[in-house]
Structure formats: structure tokens, C-alpha cells
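Commentary on secondary and tertiary structure
Single-letter residue listing:
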Number of protein chains: 2
Amino acid sequence: MKAAVLRAIGQPLQIEEVQLDRPGPREVRIRTVAAGVCHSDIHPQEGTQKFPLPTVLGHESAGIVEEVGTAVDYVKPGDAVVTCLSVFCGYCEYCLTGRPAICRKVETRRRRDQPPRISQNGETMHQFLDLSSFAEELLVHEHALVKIREDMPLDKAALLGCGVTTGLGSVFNTAGVEPGTTVAVIGCGGVGLATIQGAVIAGAGRIVAIDRIPSKLELAKAMGATDLVNAAEGDPVRQVRDLIRGGVHYSFEAIGLKETVEQAFDMLGRGGVATIIGLIPMGVRVEIDGEQLVYEKKLQGSNMGSNRFRIDLPRYADLYLAGKLKLDELISREIALEQINDAFDALRQGEVARQIIRFKQ
Amino acid sequence: MKAAVLRAIGQPLQIEEVQLDRPGPREVRIRTVAAGVCHSDIHPQEGTQKFPLPTVLGHESAGIVEEVGTAVDYVKPGDAVVTCLSVFCGYCEYCLTGRPAICRKVETRRRRDQPPRISQNGETMHQFLDLSSFAEELLVHEHALVKIREDMPLDKAALLGCGVTTGLGSVFNTAGVEPGTTVAVIGCGGVGLATIQGAVIAGAGRIVAIDRIPSKLELAKAMGATDLVNAAEGDPVRQVRDLIRGGVHYSFEAIGLKETVEQAFDMLGRGGVATIIGLIPMGVRVEIDGEQLVYEKKLQGSNMGSNRFRIDLPRYADLYLAGKLKLDELISREIALEQINDAFDALRQGEVARQIIRFKQ
């Protein structure tokens, strides 16, 4: 099968022939139908996150089950599935208390004595985030996928595997936004836009979108933001406080910067909750004004929207098919696998909406 | 009536004759039976917190209702009551959503055009925290007291008005500790000891008490701590992590220092919650390792245990009378109002348990 391989930091991906192993007892082989191109795919290429190379990138995909391992009864060949990188073990403390997104992943991580799941003439191709979606087929643990209703278009379904779930889940699962409350979202990229949509679906009253790029703010408005704040035009904390006296009930940070995390805390009203979705690089210390804790403000992290993806993704498919979740608007164009390097360039140049790889069937 | 008056920063309290006004429509006059001596009473004397002077200190008390205002029907003369400084308005957003501890206190704050509630031959005596308990009588808003069962000893009941409620409530209301979970409490003064008791009552599994003073750790053990960590003997975060692999579910900080707040966050396991009870002085920035947010760790403030004191204090009286809440052990000695300066000295020298002023009846 064909796959987009990253061989060295800084180099373009190369379309190469690679081989999948046969499914182990709890594994599933999937024919890839669609795969989103996400910022997290660029980090290994740029070397900002270290991953073993060579690797097949891609982690946001949907497809059709081709073959299942002997112990799998959750899916069967022909089922439509979405992959998810929040692979869960199903038996650790976190899985068993409703928090599979922070699972210890004891068993589901590939065993060291297992042969490589992807290889090329005997050479190991490392599997990216237990998935590797930029390939015509995937071989993943049965706990790295979720079955999806058959009338769900798979290009839209692929989007549910990462950024959309992260945004929606941070609102529904991590923060638990209540109807009529006030929400601020810092950063209107893919995750931030999904967070805004989550706030709309959860019935938030005022939803303030914050970014420095006018086109992103316009997209935020199209997603349902009621107020727009351009952070390039002055302190966003003051701008939010001018809009909403006393500060907001819920703030969300969807970037991962020290400065914006601190802004998320500073724009809270008393009793407010700041949810940090963005991944903060190692070594970055976040500073908050300790005195404000007496007002019972809260700072919390959200790991991929605290998703329970087997539960959440079918709900999100229902929301899409009911016309309540916008996914079409998030897709800027469809490409072939061979155009992956162009897609990376577009992403680097600030393309906000998703580019979707459509695999020939 | 007699009261202990603070006239200037750094001076001893003086026992003087002062006068109470008559109760306004929603006010209650109480004959003071017992009043605890708390660190918060010392701060205005030392000037570390600014309050208008002269003032009658004291804020943790119990007594008997003597007279009620025309609009009061919650209590009647002869009722036993405990005072509480978390006076609530009962109609703001926070009161009406179950969070009266962070009430905006719009109406219950004394109106500026009201004459002084305490005076001396026409000179204003400022009321401390809407209470002023170091006096033979109190004149307080009906929302600054709670009726308590008649068989509850009033010296023990007085303790419920501040530190005990703060500690218990931080466990029950703010953090919501579940049975069998692991808890660490940093600081084993009055509030920390109550936090440990709260963890015991809530059914926590392991309860790690952390302090630098061996006698306080011994008290913590008597209250039900299962493990003791002397922070003077090495990094307490490492010591806690050696005891409880992976870190604790819940940590509590009952001091109010930057260093210990940061330790509370650092000793959490994934998904853990750090609850900050200690008051952090103005200007102090708390720093946390941003990367840890991906494990869904949470930092939150607790204002006096997120108390709903009209609801909580009767429950705590039930717990005491059922033998489940230790209060007798928290009292080191009973004194007369005239001994207040000796009591302040003892508190400054590290007396951990409460000294209770018993008023002559």
C-alpha cells in the first residue's frame, strides 16, 4: 500500500510503498477513506516534537473495516469507523472512572516484543500516535477506533477524530458549560472554532471569540460567536471585561501559550473556570495571581476534550446529521495523498480550515 | 457592655465599655457565650491586613439571641446561634446557584448611611468582619448567623464559625472528596486539622498530613491522618510521591504561601485536584508547570470551604454530637475576655489548638 513517509526532520514527506502486518488478536485493519491534515502532523517534520523516524504521519481519519483480529467483536468487516489517538486500555483507574482520555494505556501501547506494525522490506516504519493515517490502510488497536453510523459522510467523520472532539469535549466534558452562561474562547483555529460550536450547542448565552486574525474571527462569528475580540487591538482581558462586566463564567485557551493561558484565568469572574486545551511546551511555567483564588476561580487542563470517544463521537455524528454541528464549513479543500506536501505548506501559511485527504477507493 | 478594643496597630487590646445600637429590621442582637481566638484576629493588630480602627476584634462565636429586628423571623430570643463571617445576601447570582460563600454581599454590607453598630460615647467602633465577637454582645445581620440545635455545647459550636467549617467545607463542598481516594493536606494548623477530619469523615483512604512542626503532625495523626510528612526533612512533594505512587487525588493547601500552593499542585496524580484554602497575599504570583495541565490537573481556590453555612453548620453539629467530628480536642484552654492579650501571645508563639473566651453569663 501507499503511505506518506517522513524520513528526516525538515524533509518533505515521500509517497512510498509500505507493508502492514496482519492484525493481532485485538487489532483491526481499516481501509482509509479520508484523513485530515492537522498541525500535530507538522510538529514531527519541524522537529518541535520528537518522534522516532522513519514514520507514517496522520492521526485523524475515517474508513471501512477490512479485517479484524481473533478477539475483536466490537466491529466487523464493512463497518464504518473513525480512528482516535486517545486509545484507552479500558481497565485502569482513569478508564474505569469515566476519564479514558487520561488512560495510562498500559496494555494498548504496542508491546516491545511485537514486530513493527508498518514496515518496508523489513525496515521498521514507526506508527505515529498508534495510528498513521496518511496511508491507504491502517492497523490499529480496537480501542483506537469508534464505530459510526453508516449515513455519516466519512470525510466529515474524519474531523471528529481529533480537533472537533477536543473542542466540543472541552465544553461538554471538561468544563460542563451550562445554558445561558458566558464563555470566552482564546484562539480561533480548528480547536477553538469547535469550542465555540460546543458553547453554542451547550446553550451558552454570550460567546466571545478572541484572536489576532480578522478572518479567523469572521469564521468564529459564522460558528456562532456573539462577540469578537481582536487581541491585536489591545489587551484582550480588558476587552472581554468591557464586554462582560465582572468577567466570564468559562474561558477556554486553544493555543498553548503562557500568555494566553494567563489571560484565560484573568478574564474569569468570581467562581469562574479556565479550561486549558492548548498543549503547553515542556518547561513553561504558568503564573496566576494567587489572591484571585479566594474568589474560587479554577484553572484546569483538558486532554483532548476529556473525550470518551466511543461515547462522544456517535453523539457528534448525530449532532452533525441533525444540522446542529457544522463540519462542512471546516473543510477548505479535498486533496489526494500525493498532494500532502502542498497541504503542509498551506497549513504553515495559516490555512485555518481543514484539508482532507480523499483516498481512491 | 464590655469589649476588647484595638485602637492602633501594634498596641494591646483594651477592655472598654462600648454601646450597641438597637437592631435594624433585619438585625439580631446576641448575648455572646463563647468566642474563639483565631489568627485572623491578629492580622489587624500586626497591621498585615488593614482594617479601620478603632475596632472590636473577634469573628468566631456562639451565643443566645436576645432581641430581633422587626423583619426577622428566622430566629427568636432564646435561640442558640453561631455567627459566621460569610454573610450572604441570598439573592445574587452566587447565592442563588449554591455558592453563598462568594456572595457579592450587596445588601448585607452595612449601609453607609446607617449609624455605627458599635460606638463609645458617640465615637464609632468599627465592626470587624460584620461581627466583632470579643464583646459581651453582638449586633449582626440575620444572614450572619445560623440557628444551632440546643444540645450543642456553645464553646464547641463557636469553633464551627470559622476554621472548622473552612476545613470541612473545602473537602465536602469545594473538592468533593470521594471514599477511598488519597488526600494530602499541607499545613496542620486549625484549618488543616479540620481538613484532615473532613477527609476522614468523607471516607478518604490515605490521608497524608504535611507540616514542619512535629507536635502539629502528632495532632494530625490524632485527627486521623494515616501518613505524616515532615517538610523540614526534605522536599515534601518527593516524600508524598514516595508514599503514594503517581501522586494524590486531592491536595489541600491550608497556609497561603506561594511555595506550598505550588507543592500542592506538584504532588497531584493525573486528574488530581489541588484546593487552595490559604489566603494568598496581594501581588503573589503562583507558578505551575503548564505541561502538567495535559494530565487534567486542576488548581482551584476555596473561599472558607465554599460554605453554605446555614446548611453546613447544623450538619457539623450533628457530626459532633454523633462522635464523628472532634472538637473538644481542638480547644487548648478557656479564658476570660480580660485574658485576650495573653491569648494573642500564646497564638503568636505557635499555639495550634483554639483558645476559647468564655463570657460570664
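Right, let's walk through the structure included here.

Cut-offs and rules
- Residues numbered from 1 in each chain as written.
- Chains lettered and ligands numbered in written order.
- Predicted model: local features only at pLDDT ≥ 70, side-chain atom pairs only at ≥ 80, totals over all residues.
- Heavy atoms only, no water.
- Contact = heavy atoms within 4.5 Å.
- Salt bridge = Lys/Arg side-chain N within 4 Å of Asp/Glu carboxyl O.
- Polar contact = N/O pair within 3.5 Å; in protein donor to acceptor, adjacent residues only side chain to side chain.
- Helix = DSSP H or I, 4+ residues; strand = E, 2+ residues; numbered from the N terminus.
- Pairing = 2+ DSSP bridges.
- Axes fitted to C-alpha atoms, helices over the stretch in contact; angles between N-to-C directions.
- Parallel < 35°, antiparallel > 145°, perpendicular 65-115°, else oblique.
- Left-handed = near helix turned anticlockwise from the far one by under 90°.
- Buried < 20%, exposed > 50% of the residue type's maximum accessible area, 1.4 Å probe, protein only.

1. With respect to the interface of chain A and chain B
It is common to report an interface's size as the accessible area lost on association of the parts. Facing the 37 residues of chain A at the interface are 37 residues of chain B. Our enumeration of links across chain A and chain B arrives at four salt bridges. A salt bridge links Arg-285 of chain B to Glu-287 of chain A, with the nearest nitrogen and oxygen atoms 3.5 Å apart. On inspection of chain A and its partner chain B, the count reaches 27 residue pairs in polar contact (both at pLDDT 80 or more). Sorting the residues of the side of chain A that touches chain B by element identifies strand S16 (268–276), strand S17 (285–289) and strand S18 (298–301) of chain A as the ones contributing at least two each. Among the elements that take part in the side of chain A that touches chain B, S17 of chain A stands out by supplying five residues, more than any other. Across five bridges, the pairing between S17 of chain A and strand S17 (residues 285–289) of chain B is antiparallel. When the sheet's bridge partners are listed, Asp-289 of chain A is paired in S17 of chain B with Arg-285 of chain B.

2. Overview of the packing of helix H4 (residues 190–201) of chain A against helix H5 (residues 214–223) of chain A
Residues and elements named next belong to chain A. Relative orientation of the contacting elements H4 and H5 amounts to 25 degrees, with a least axis distance of 9 Å. When the axes of H4 and H5 are compared, the pair comes out roughly parallel. With respect to the hand of their crossing, H4 and H5 are arranged in right-handed fashion. Contacts between H4 and H5 involve Leu-193, Ile-196, Gln-197 and Val-200 on the former and, on the latter, Lys-216, Leu-219, Ala-220 and Met-223.

3. A few points about the sheet that holds strand S2 (residues 14–17) of chain B
Residue and element names in this part refer to chain B. A sheet is described by the order of its strands in space; here six strands give the open sequence S2-S1-S5-S9-S8-S3, paired in mixed fashion. At either end of the open sheet lies a strand with only one pairing partner, and these are S2 and strand S3 (19–20). The pairing of strand S1 (residues 2–6) with S2 spans four bridges and is classified as antiparallel. Counterpart to Lys-2 in the pairing with S2 is Glu-17.

4. Describing the environment of Leu-299 of chain B
For Leu-299 of chain B, the position within the fold is in strand S18 (residues 298–301). For Leu-299 of chain B, a relative accessible area of 1% translates into the label buried. Taking C-alpha positions, Leu-299 of chain B is 35 Å from Asp-345 of chain B, a pair spaced 46 residues apart along the chain. When neighbours within four sequence positions are excluded, Leu-299 of chain B is seen to be in contact with Ile-288, Lys-297, Lys-298 and Leu-299 of chain A together with Val-261, Phe-265, Ala-274, Ile-276, Val-286 and Ile-288 of chain B.

As far as function goes, none of this settles anything; it's purely spatial.
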